[in-house]
Amino acid sequence: MPQTEYSTHHSPPESPKSEINGPNFPDFTAVMDACRGRLHKRLSELLALEQLCRQAGPLIHSRTEALIYAEEFTLPLVSLVIGNPDTAKHCLLVTAGIHGVERIGTQVLLAWLETVVERCRWDEHWRRQFETEICIVAVPIVNPGGMLGDSRCNPNGVDLNRHAPIDAEDKVPFLVGGQRLWRKIPWYRGRRDDDFEPEFIALKNIIQRHCHINRPCIAVDFHSGFGFQDHLWIPYAYRRLPIPDIGSYVALKLLWERNFPHHNYVFGPQAMHYLSHGDIWDYFYQRCRADGITLLPLTLEMGSWLWVKKHPQQLFSFAGLFNPTVPHRHARVLRGHLLLIDFLLAAARNIEHWRPQGEQEREMQQMAQSLWYRQL
Ligand SMILES: [Zn+2]
């Protein structure tokens, strides 16, 4: 990919201008100094993120990727790196909070990062993997302005996962699949294909900085809100045809199932459920592939309907539709995904040992055909 990072942003005239990270952005703590005291009840996840960095000390390198203006706040969009980004041979990219209302994704990611940091303190074998083998790049709150306002969209009303310049090839569900009709209706894509939101540009910069030709990367993006079960979604969202790397995804699915046969995830292409416009992972996958870079994105969609079914009072709060509100269920969700993320870290670190090539890849592609693409 080109090495120049994007440093300009054109905001819609009606919204305040947010800035994209250049080399001289104030650091995370400096940005927090101006808002920390007022965030307590509104955005405790950002305070938890800062606390994690403080406790981790030199184990985590944080970077302000963009400044997001929301209400009277200037919020940092922060990336964290564990490991050496210059020498790591592999990368695990973990992102959450693209939809601001889905706080549980951010909380699950923070809970996992806490275990990573804590284990680095006493498990030498674990710590050594971050010297040269792998780096973790984490963006736990991609949409801090949306999370502040308990909104799916960013402060400009844009749904960041309908915002990439890529259109679905077939009919998408009305509104939900992405729309340009009105900013005030959810799933708004933004005005045009070339007018990017600061959160989107920040992600693009992060991927450009960390995904290289010789550094394969698995990405996991945490969401909640669809269905009764937890889903692991394989791209694409814009078309029903298999992604070129479908063989690698089948191999990863089989590896997971062989190691954890009692798991409870539905692992398959998102397009089996619905198509959408502007999916960022469709876009980033294609950009990386065009540059010869291996990026295998997955979306973890935590099924929230079950939480609502078991506790129907949640129906009366918007946030309750996307987040577990009962304490024991909340704790169960926080611990429930740790094994999966540990597995994906190990899978990224050992990708050469399971990624199929040649004839084996063709077999995996045929398996994908019979699992998911029989109609083609
Ligand atoms: Zn979501």
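Residues numbered from 1 in each chain as written. Predicted model: local features only at pLDDT ≥ 70, side-chain atom pairs only at ≥ 80, totals over all residues. Heavy atoms only, no water.

Caption draft 1: Focus on the packing of aromatic side chains. Tallied over the full model, the rule gives 14 aromatic pairs. An angle of 80° between the planes, with centres 6.2 Å apart, marks the rings of W126 and F130 as edge-to-face. A residue pair is termed a helical-turn pair when its members lie 3 or 4 positions apart in one helix, as W126 and F130 do in helix α4 (residues 124–132) at 4 residues. Here the two residues W126 and F130 agree in accessibility, since each one is buried. (Phe/Tyr/Trp six-rings, centres within 6.5 Å; stacked < 30°, edge-to-face > 60°. Helix = DSSP H or I, 4+ residues; strand = E, 2+ residues; numbered from the N terminus. Buried < 20%, exposed > 50% of the residue type's maximum accessible area, 1.4 Å probe, protein only.)

Caption draft 2: The packing of helix α2 (residues 44–56) against helix α3 (residues 103–122), seen in detail. Close contact between α2 and α3 brings their axes to 11 Å; oriented N to C, the two are set at 10°. Classified by the interaxial angle, the pair formed by α2 and α3 is roughly parallel. On α3, the residues touching E45, A48, L49, L52, Q55 and A56 of α2 are R103, T106, Q107, L110, L113, E114, V117 and R121. Along the lines of polarity and charge, the residues of the contact of α2 with α3 split into 7 nonpolar, 3 polar and 4 charged. (Axes fitted to C-alpha atoms, helices over the stretch in contact; angles between N-to-C directions. Parallel < 35°, antiparallel > 145°, perpendicular 65-115°, else oblique. Contact = heavy atoms within 4.5 Å. Nonpolar A, V, L, I, M, F, W, Y, C, P; charged D, E, K, R; others polar.)

Caption draft 3: Local environment of the pattern of salt bridges. Counted under the stated rule, the structure contains 22 salt bridges. In this structure, E169 and R239 form a salt bridge, with 3.3 Å as the shortest nitrogen-oxygen distance. Of the two residues, E169 is situated in the loop between α5 (144–148) and α6 (198–210) and R239 in the loop between β7 (230–234) and α7 (246–259); the sequence distance between them amounts to 70 residues. Put simply, K253 and E257 hold a salt bridge, and the shortest N to O gap is 2.9 Å. Of the two residues, K253 and E257 both sit in helix α7, 4 residues apart, roughly one turn of that helix. A relative accessible area of 11% means that K253 is categorised as buried. It is possible to trace a salt-bridge network through shared partners that takes in D33, R36, E50 and R54. (Salt bridge = Lys/Arg side-chain N within 4 Å of Asp/Glu carboxyl O.)

Caption draft 4: Looking closely at the coordination of the zinc ion. Protein coordination at the zinc ion: the donors are H99 (ND1), E102 (OE), E102 (OE) and H223 (ND1), at 2.1 to 2.3 Å from the metal. The coordination sphere of the zinc ion comprises 4 donor atoms, whose angles at the metal cover 56 to 150°; the geometry is irregular. For the zinc ion, the single-chain donor residues occur in sequence as H-x2-E-x120-H. With H99 in the loop between β4 (90–96) and α3 and H223 in strand β6 (residues 217–224), this pair connects stretches of sequence that are 124 residues apart. (Donors = N, O, S within 2.8 Å, 3.2 Å for Na, K, Ca; no water. Tetrahedral: all angles 85-135°; square planar, octahedral: opposite > 155°, others 65-115°.)

Caption draft 5: Region of interest: the packing of α7 against helix α11 (residues 338–349). Two numbers describe how α7 lies on α11: the axes approach to 11 Å, and their chain directions differ by 125°. Judged by the angle between their axes, α7 and α11 are oblique. When the axes of α7 and α11 are compared, the crossing they make is right-handed. Judged by residue contacts, L252, L255 and W256 of α7 engage L339, L340, F343, L344 and A347 from α11. (Left-handed = near helix turned anticlockwise from the far one by under 90°.)

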